[in-house]
Amino acid sequence: MKKLLTATLVLGLLGIFALPAQATPQEDLEKFQNYFYKKFPNTPKDDFINGVYSIDADSREQWESIEEFPPYELSIEKGEKLFNTPFKNGKTYASCFENDGIGIAHRYPFFDTSAGEVITLELAINRCREANGEEPLKYEKGDIADISAHMKYTSRGNTINIVIPDDPRALAAYERGKKNFYAKRGQMNMACADCHIHNAGNKIRADLLSPALGQVTHFPVYRSKWGGMGTLHRRYGGCNKQVRAKPYKAQSPEYRALEYFHTYMSNGLASNGPGARK
Amino acid sequence: MSIKMRAAAQDGVTTIKALISHPMETGTRKDKKTGEKIPAHFIQEVVCEHNGNTVMTAQWGPAISKNPYLSFRFTGGNAGDTVKLSWVDNKGNSDSSEASIN
Amino acid sequence: MTSMKRRTFLKGSVATGAVGMAISAGLLTPRMVLAAWPKAAFEATTVDDAINGLFGSSGLTGSEQIKIKAPDIAENGAVVPISVETDISGAESISVIAEKNAQPLAASFVLGAGTEGYVSTRIKMGKTASVIAVVKAGDKLYSTGKEVKVTIGGCGG
């Protein structure tokens, strides 16, 4: 124990933030969130869900102009229509979800102990389709993003509270996601943590790096860059490609584990999807 | 239905906010897969009418952003009045939508 | 010439389609649309030519009665929120020009009789440049400009 504490202290002095391997998720969570509260003392805690807009006034103003009538509204409308259109067998998406799919999207991802895996919202949408004799949708954009946008919109404002069940497989998924977040990858040999923890708030050429706290809450997202909606895993893939690492497939076990860890770290914050970003 | 519109009246002034689903292609972008230029496809004109009057004629070029937004204000207009917004693009496509002033 | 253009426009669209409905509703006539869209102005490659194309002259008078709201540094040049507000009496139109775009004229808003001197929209900007707003009132053209920085590159991907 003493050795571990010393190592953490040294890392702390070096300004390197690390989550010790033996800590519990709850301990990780406190450390993670406190790091950002300390790093950005002028940001109200609940504002981290707005990413760089919580730390940069000029871009916030542009974002607020966009939010006057955000382009993702087109997506929500499409998504609601898709959600309410019955499958060929007459059933609807509502039949696959709690509360008919309304106001529950913020509960994803969760660890399904009977299936032994992490279930994300998009995965659940496709599982619903397949269970009702429909072809699965592609996971990065298009209809899946629209349906996810609609479902997330009905959950807007709900508090994220991912609970890791007392199951070694769930803990393993969490640890796998955590490992992914901190692992160096790609030709540029960078980890998610390098940009979004150590360099959060700094510029990388012309872009401002968003803090990892509150980073997933606004997905799916309409990015001006994409000129359309995209899912979290689309962004994970894009980020991996940007450090010249081979991306994982959307909804692969690796990205689902990453999403599990990444979302858990935003416990206590409000779900605010879908979002608009540059 | 490509137009989402909100019309609200306050102190004798009606504010219109519209969001239109449209690619607004400039004609200079290249298709990543084929390398071919994607043809220009953009809204050229947006017209808004209230009580038989044209309150706004917006002439657009391809430099208006994809999924374009437009907002403007006019005097008069009472809650319950109908406002009609229409657009025509360079390919001859069009759409129109009506909204009630709140 | 005009009749040929009109035939192209009507081809395949009058029979069914929303354009046909709009035309029959008297809302838009092909002549109205084609004649009204200032092609030369939109295709002009210089600010002067764009203004000339719109108004037949390019003499501008600087005015403090025009306010442009635009970011100092655009987050993404593809979607730059801008609004122009003016209290110049008799304002008939507000035109928006992105000085360094390949084709500078972005839009021209013709105001109805009771319409306020205010427009808000989102434009594409290719590079750092002035956003110029031109207000036509009577036979005068008033203008002001605001520089918007456009940066490309980072990790925004």
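Thresholds, definitions, all that
Throughout, residues of each chain are indexed from 1 in the direction in which the sequence is written. Key to labels: chains lettered from A, ligands numbered from 1, both in the order written. Local features in this predicted model are restricted to residues whose pLDDT is 70 or higher, and side-chain atom pairs enter the listing and the counts only when it is 80 or higher, whereas totals over whole chains, interfaces and linings include all residues. Strands here are runs of E lasting at least two residues and helices are runs of H or I lasting at least four, both read from the DSSP assignment and numbered beginning at the N terminus. Three exposure classes are used, all based on how many other C-beta atoms lie within 10 Å of a residue's own C-beta (placed from the backbone): buried at 20 or more, exposed at 12 or fewer, and partly exposed between those limits. Note on contacts: residues are paired as contacts if their backbone-placed C-beta atoms lie within 7 Å. Note on residue categories: nonpolar means Ala, Val, Leu, Ile, Met, Phe, Trp, Tyr, Cys or Pro, charged means Asp, Glu, Lys or Arg, and polar means any other residue, Gly included. Strand pairing is assigned whenever DSSP identifies at least 2 bridges connecting the two strands. Buried Ala, Val, Leu, Ile, Met, Phe, Trp, Tyr and Cys residues form a nonpolar core when they are connected through C-beta atoms within 7 Å. Only the stretch in contact is used when fitting a helix axis, every axis being a line fitted to C-alpha atoms; angles between N-to-C directions are given from 0 to 180 degrees. Roughly parallel refers to an angle under 35 degrees, roughly antiparallel to one over 145, roughly perpendicular to one between 65 and 115, and oblique to any angle outside these ranges. How far a helix is expected to stretch is found by multiplying one less than its residue total by 1.5 Å. Values of pLDDT, ranging from 0 to 100, describe the predictor's confidence in every residue of the model.

J.: Help me understand the overall build of chain B, please; the structure alone is not making it clear to me.
T.: Looking only at helices and strands, chain B features zero helices and seven strands. Listing the helices and strands of chain B from first to last along the sequence gives β-β-β-β-β-β-β. Projected onto its principal axes, the C-alpha coordinates of chain B cover approximately 55 × 20 × 20 Å. When burial is assessed residue by residue, chain B has 47% of its 102 residues classed as buried.

J.: I tried to follow the interface of chain B and chain C on my own but got confused; where do I start?
T.: Note on interface size: it is often stated as the accessible area lost on association of the parts. Of the residues lining the interface, 32 residues belong to chain B; the matching set on chain C comes to 35 residues. For the side of chain B that touches chain C, the secondary-structure elements that each account for two or more residues are β3 (43–50), β4 (53–60), β5 (69–75), β6 (82–89) and β7 (94–100) of chain B. Broken down by element, the side of chain B that touches chain C gets its largest block of residues, eight residues, from β4 of chain B. The residue makeup of the side of chain B that touches chain C, split by class, is 14 nonpolar, 15 polar and three charged. Pairing of β4 of chain B with strand β6 (residues 105–111) of chain C involves five bridges; the strand directions are antiparallel. Within β6 of chain C, the residue paired with Thr57 of chain B across the bridge is Val110 of chain C.

J.: I'm lost on the interface of chain C and chain A in this one. Help?
T.: Residue-level contacts link 15 residues of chain C with 16 residues of chain A. Per-class residue counts for the side of chain C that touches chain A are seven nonpolar, six polar and two charged.

J.: Got a minute to help me understand the nonpolar core in this structure?
T.: Note that soluble globular proteins tend to have their nonpolar side chains buried in a common cluster. Counting residues in hydrophobic clusters, the biggest one holds 67 residues, and the most contacted among them are Val46 of chain B together with Val96, Ile97, Ala106, Ile123 and Ala133 of chain C. Here this core gets six residues from one element, more than from any other, and that element is strand β8 (residues 129–137) of chain C. For Ile97 of chain C, the residues in contact, after removing those within four places along its chain, are Val47, Ala50, Pro104, Leu105, Ala106, Ile132 and Val134 of chain C. In terms of nonpolar packing, the next biggest core, distinct from the first, is built from 56 residues, Phe36, Ala105, Tyr174 and Leu258 of chain A among them.

J.: It is not clear to me how the packing of helix α4 (residues 72–84) of chain A against helix α6 (residues 143–154) of chain A should be interpreted in this structure. Could you clarify?
T.: The relative placement of two packed helices is expressed as an angle between their axes plus a distance between the axes. Residue and element names in this part refer to chain A. Running from N to C, α4 and α6 cross one another at 95°; their axes reach a closest spacing of 7 Å. Judged by the inter-axis angle, α4 sits roughly perpendicular to α6. Two secondary-structure elements touch here, α4 through Tyr72, Ser75, Ile76, Lys78, Gly79, Glu80, Leu82 and Phe83 and α6 through Asp143, Ala145, Asp146, Ile147, Ala149, His150, Met151 and Tyr153. Looking at side-chain class alone, the contact of α4 with α6 contains nine nonpolar, three polar and four charged residues.

J.: Explain the sheet that holds strand β5 (residues 221–223) of chain A here, please?
T.: Two modes of strand pairing occur in sheets, parallel and antiparallel, and in both the strands are linked by backbone hydrogen bonds. Residue and element names in this part refer to chain A. Strand order in the open sheet formed by three strands is β6-β5-β7, with mixed pairing between adjacent strands. Across the chains shown, the open sheet's two edge strands, defined by having one partner strand only, are β6 (228–230) and β7 (275–277). Between one strand axis and the next, the sheet turns through 35° on average, direction left out of account. Pairing analysis gives three bridges linking β5 to β7, with the strands arranged parallel. Bridge pairing in β7 places Tyr222 opposite Ala276.

J.: Is there a simple way to explain α6 of chain A in this structure?
T.: Note: α-helices contain 3.6 residues per turn, so residues at a spacing of three or four share the same orientation. Residue and element names in this part refer to chain A. The end-to-end C-alpha distance of α6 is 17 Å, a good match for the 16 Å that 12 residues give at a rise of 1.5 Å each. Counted residue by residue, α6 has 11 buried out of 12 residues, so it is predominantly covered. Residues of α6 that are buried: Ile144, Ala145, Asp146, Ile147, Ser148, Ala149, His150, Met151, Lys152, Tyr153 and Thr154. Of the surrounding secondary structure, the elements contacted by the buried residues of α6 are α4, α5 (121–131) and β6.

J.: Is there a simple way to explain the pairing of β5 of chain B in this structure?
T.: Buried residues dominate β5 of chain B, accounting for five of its seven residues. Across seven bridges, the pairing between strand β2 (residues 13–20) of chain B and β5 of chain B is antiparallel. Bridging across to β5 of chain B, Thr14 of chain B finds its partner in Phe74 of chain B. Where β5 of chain B and strand β7 (residues 115–123) of chain C come together, four bridges link them in antiparallel fashion. In the strand pairing of β7 of chain C, Phe74 of chain B is matched with Thr115 of chain C.

J.: Where do I start with unusual backbone geometry in this structure?
T.: A negative phi angle is the norm for most residues apart from glycine, just as the trans form is the norm for most peptide bonds. All names here are of chain A. In this model, Tyr108 is joined to Pro109 through a cis peptide bond whose omega is -5°. Position of Pro109 relative to the elements: it lies in the loop between α4 and β1 (110–112). Here the residue pair Gly273 and Pro274 is connected by a cis peptide bond, since its omega of -15° sits within 30 degrees of zero. Turning to its location among the elements, Pro274 is positioned in the loop between α10 (253–264) and β7. Of note in this structure, Asn189 is not a glycine but carries a positive phi near 50°. Relative to the assigned elements, Asn189 resides in the loop between α7 (168–182) and α8 (192–198). Since 11 C-beta atoms lie within 10 Å of it, Asn189 is described here as exposed.

J.: Can you help me understand the confidence of the model for chain C in this one?
T.: The predicted coordinates ought not to be read in detail in places where the model reports low pLDDT. Residue and element names in this part refer to chain C. In this model, chain C carries a mean pLDDT of 84, and residues with pLDDT of at least 70 account for 75%. Counting interchain partners and residues more than four positions distant, the pLDDT-below-50 stretch residues 1–20 has 21 contacts. Here the predicted complex scores 0.89 on pTM and 0.96 on ipTM.

J.: What should I look at first to understand the sheet that holds strand β1 (residues 3–10) of chain B in this one?
T.: If you trace the six strands from one edge of the open sheet to the other, you get β1(B)-β2(B)-β5(B)-β7(C)-β4(C)-β2(C), paired in antiparallel fashion. Looking at which strands have only one partner, the edges of the open sheet turn out to be β1 of chain B together with β2 (66–69) of chain C. Averaged over neighbouring strand pairs, the angle between their axes works out to 15° when direction is ignored.

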